[in-house]
Amino acid sequence: MYNTESRTKSSFKNIIFTVGGQLSKEVLAFVVRTVFIKTLATEYLGVNGLFTNILSFLSLAEMGVGSALIFSMYKPMADHDEERLKMYMAVYKKVYTFIGIFILAGGASLTPFLDVFMKERPNIPHLELIYILYLLNTGATYFFAYKGSIFNADQRAYIVTANTTLFNIVQSVVRIVVLLTTKNFIAYLSLSIIVVYIQNFTIAKKADKAYPFIKEKNVQKLPKEEAKTLSKNIGALLLHKVGAVILNSSDNIIISKFVGVVSVGLFSNYSLIINAVKTTFDMVIGAVGTSIGNLCAKESDEKAYQVHNAILFINTWIGAFCVICLFNLLNPFISLWIGDEYLFPKSAVLAIVISFYIQVTMRTGEMFKSASGLFWNDRYAPIAQCLLNIVVSILLVKKYEITGIFIGTTIAMILTKWWVTPYVVYKHKFKKSVRLYFAKYFWFTAIAAVAFIVTTYAVTFVPGNTWIAFIGKVIVSAITPNVLFLGAFFKTEEFKYCLNLIFKRRQIK
């Protein structure tokens, strides 16, 4: 049955299910992590982070495939062209089966070399078996779950999200029960794999029921011209997504190799919180992504430039606020949550949040680049970023230990995509000098830096290491920077533009 709802209603349902699913995922992940830390040794936490990131490199084989195929199915889905949809689903099945086999085979071939990724082998029995279980869990995704893509093409992503959320709850409950009753890491992983297989099998059956034609065997080959376009889109998305994956995954491997697997476990606690904030940020900003695409297609470049400046302003404000809160609250929260022995030094936390700030403020350029179809113009930037990240992080870790790794990640971004992406957008979309971008960026960032210093100083007036003191620090971190931002920006064009949008929206209501 095809989707008969309006785009607005479908979009609303997708947003509600996505936000609800993400919130439940973050809460459950926090609960599972707490039980994990209380029941298993810290080395298990490090192994969890290390193996997850090793396998994410193998998953690069998938990057770009899913997005390109779903994009290609939009038009035939709108036209109810079942023959064309069958062609794309057949391609999807072949590609994902190949990727699943590639990941399983490639991952298995790394088993004898696990010690290469670790400074010291942790005192954990059956380490190779644990790795294989992680590998099976990763490979499970590619043999059934691809069918869920047809729901995304039909603006019914909420069906996949609801299924994922349900099984995420089941998996979290199973994990908690197993950890509390057995404290057995292998049982914990084995039951998780079973739940993942059932989850993927369930969504595949739902797709078969909703679109029975995808089970038909009489499938023609995709026309050469469409296959060529599909390959080009996959190639473009692959180059841009490789950088993001390696940037996010290489740090844990470098930490494990040069600092130790225990530090990987410590970093994973910080990552759990930071990624939750970043995911929420991406949801808020991503909600306007399709509107930007429509804007770039229909409105003038000058209008798009004006909106770009407003979004850069909003991104910087929200990003700076998140960084200030994270820097001042991460260590106090982790200390109260699981203890001082899980803390990083302040220098490492500072390097982590600076990297976070650069990533979130880069989103403005990325959004307008994608909306304008400028994928190939900066195709080499992600590759350069990957190489620089690895080389610089390894060089710095020898002198500055774990802090050096996060500094290396920041340097890699600044030397590549941080300036290349806005340059491409300003040159090819706005037809303006990129100096206009950096003038605003540095002005916004200078105000953010002042707010950071003032707030960090103000937090020191809330002494103690209790939950009451932590709440006091939350209040100071929430109010101080926003008051300063408001005082600095309330006369700017960008602030007035945002207020005008809010005012118009209220008038419409």
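Our subject is the structure listed above.
So, a few notes on the structure that sits alongside this text. (Residues numbered from 1 in each chain as written. Predicted model: local features only at pLDDT ≥ 70, side-chain atom pairs only at ≥ 80, totals over all residues. Heavy atoms only, no water.)

1. So, the overall build of the protein chain
At step 1: Summing up its helical and strand segments, the protein chain has 19 helices and zero strands in all.
At step 2: In the protein chain, which comprises 509 residues, the proportion classed as buried is 51%.
At step 3: The long-range share in the protein chain, meaning contacts at least 24 apart out of those at least 6 apart in sequence, stands at 83%.
At step 4: For the protein chain, the computed accessible surface area is about 24400 Å², with 67% contributed by carbon and sulfur atoms. (Helix = DSSP H or I, 4+ residues; strand = E, 2+ residues; numbered from the N terminus. Buried < 20%, exposed > 50% of the residue type's maximum accessible area, 1.4 Å probe, protein only. Contact = heavy atoms within 4.5 Å. Areas by Shrake-Rupley, 256 points an atom, 1.4 Å probe, with all protein chains shown as cover.)

2. Section: the pattern of salt bridges
At step 1: By the definition in use, this model includes six salt bridges.
At step 2: Here K86 ties to E83 by a salt bridge, and the two come within 3.3 Å at their closest N and O atoms. Of this pair, K86 and E83 both sit in helix α4 (residues 82-109), separated by three residues, roughly a single helical turn.
At step 3: Classification of K86 by relative accessible area gives buried; the value is 3%.
At step 4: The class of E83 is partly exposed, set by a relative accessible area of 35%.
At step 5: The partner of K86 in a salt bridge is E216, with the nearest N and O atoms 2.7 Å apart. With K86 in helix α4 and E216 in the loop between α8 (185-210) and α9 (224-258), the pair connects residues that are 130 residues apart, well separated along the chain.
At step 6: A relative accessible area of 36% places E216 in the partly exposed class.
At step 7: In this structure, a network of salt bridges that share partners links the residues E83, K86 and E216. (Salt bridge = Lys/Arg side-chain N within 4 Å of Asp/Glu carboxyl O.)

3. What about the packing of helix α17 (residues 435-459) against helix α18 (residues 467-489)?
At step 1: Where α17 meets α18, the closest approach of the two axes is 9 Å, and the angle between their N-to-C directions is 145°. As for how α17 packs across α18, the hand of that crossing is right-handed. Two secondary-structure elements touch here, α17 through W443, F444, I447, A448, A451, V454, T455, A458 and V459 and α18 through K473, V476, S477, T480, P481, L484, F485, A488 and F489.
At step 2: When the residues that make up the contact of α17 with α18 are grouped by side-chain class, the tally is 14 nonpolar, three polar and one charged. (Axes fitted to C-alpha atoms, helices over the stretch in contact; angles between N-to-C directions. Left-handed = near helix turned anticlockwise from the far one by under 90°. Nonpolar A, V, L, I, M, F, W, Y, C, P; charged D, E, K, R; others polar.)

4. Here we look at a nonpolar patch on the surface
At step 1: Together, I468, I471, I475, I479 and V483 give the surface a local cluster of nonpolar side chains, amounting to about 500 Å² of exposed area.
At step 2: Topologically, I471 is positioned in helix α18.
At step 3: By relative accessible area, which is 47% here, I471 ends up partly exposed. (Patch = residues over 30% accessible without salt bridge, like charges linked within 9 Å, V, L, I, M, F, W, Y side chains within 5 Å.)

5. Describing the nonpolar core
At step 1: One finds F51, I130, F185, F344, F406 and F485 to be the most contacted residues of the largest nonpolar core, which totals 124 residues.
At step 2: For this core, the leading source of residues is helix α12 (residues 301-337), giving 20 residues.
At step 3: In contact with F485, other than residues within four places in its own chain, are W317, A320, F321, I324, I447, A448 and A451. (Core = buried A, V, L, I, M, F, W, Y, C linked by side-chain atoms within 4.5 Å.)

6. Considering the environment of T410
At step 1: Relative to the elements of secondary structure, T410 occurs in helix α15 (residues 381-414).
At step 2: When its relative accessible area of 8% is taken as the criterion, T410 is described as buried.
At step 3: As a C-alpha pair, T410 and Q385 span 25 residues in sequence and 10.0 Å in three-dimensional space.
At step 4: Setting aside its immediate chain neighbours within four residues, T410 contacts A351, I354, S355 and I358.

7. Some points on α18
At step 1: A rise of 1.5 Å per residue sets the reference length of α18, with its 23 residues, at 33 Å; its end C-alpha atoms lie 33 Å apart and thus fit the reference within 8%.
At step 2: Among the residues making up α18, those that are buried are A469, F470, G472, K473, V476, S477, T480, P481, F485 and F489. (Expected span 1.5 Å × (residues − 1).)

8. Focus on the packing of aromatic side chains
The geometry of an aromatic ring pair is captured by the separation of the ring centres together with the interplanar angle, meaning the angle of the planes.
At step 1: One pass over the full model with this rule turns up 40 aromatic pairs.
At step 2: Between the aromatic rings of F313 and W317, the centroid separation amounts to 5.7 Å while the plane-to-plane angle is 90°, which identifies the pairing as edge-to-face. Separated by four residues within a single helix, F313 and W317 lie in helix α12, roughly one turn from each other. Residue F313 shares its accessibility class with W317, and that shared class is buried. (Phe/Tyr/Trp six-rings, centres within 6.5 Å; stacked < 30°, edge-to-face > 60°.)

9. Concerning unusual backbone geometry
At step 1: In this model, H126 sits at a positive phi of 60°, which is unusual for a non-glycine residue.
At step 2: The topology assignment puts H126 in the loop between α4 and α5 (127-139).
At step 3: Positive phi, normally seen in glycine, also occurs at K431, with a value near 55°.
At step 4: Residue placement: K431 occurs in the loop between α16 (417-430) and α17.

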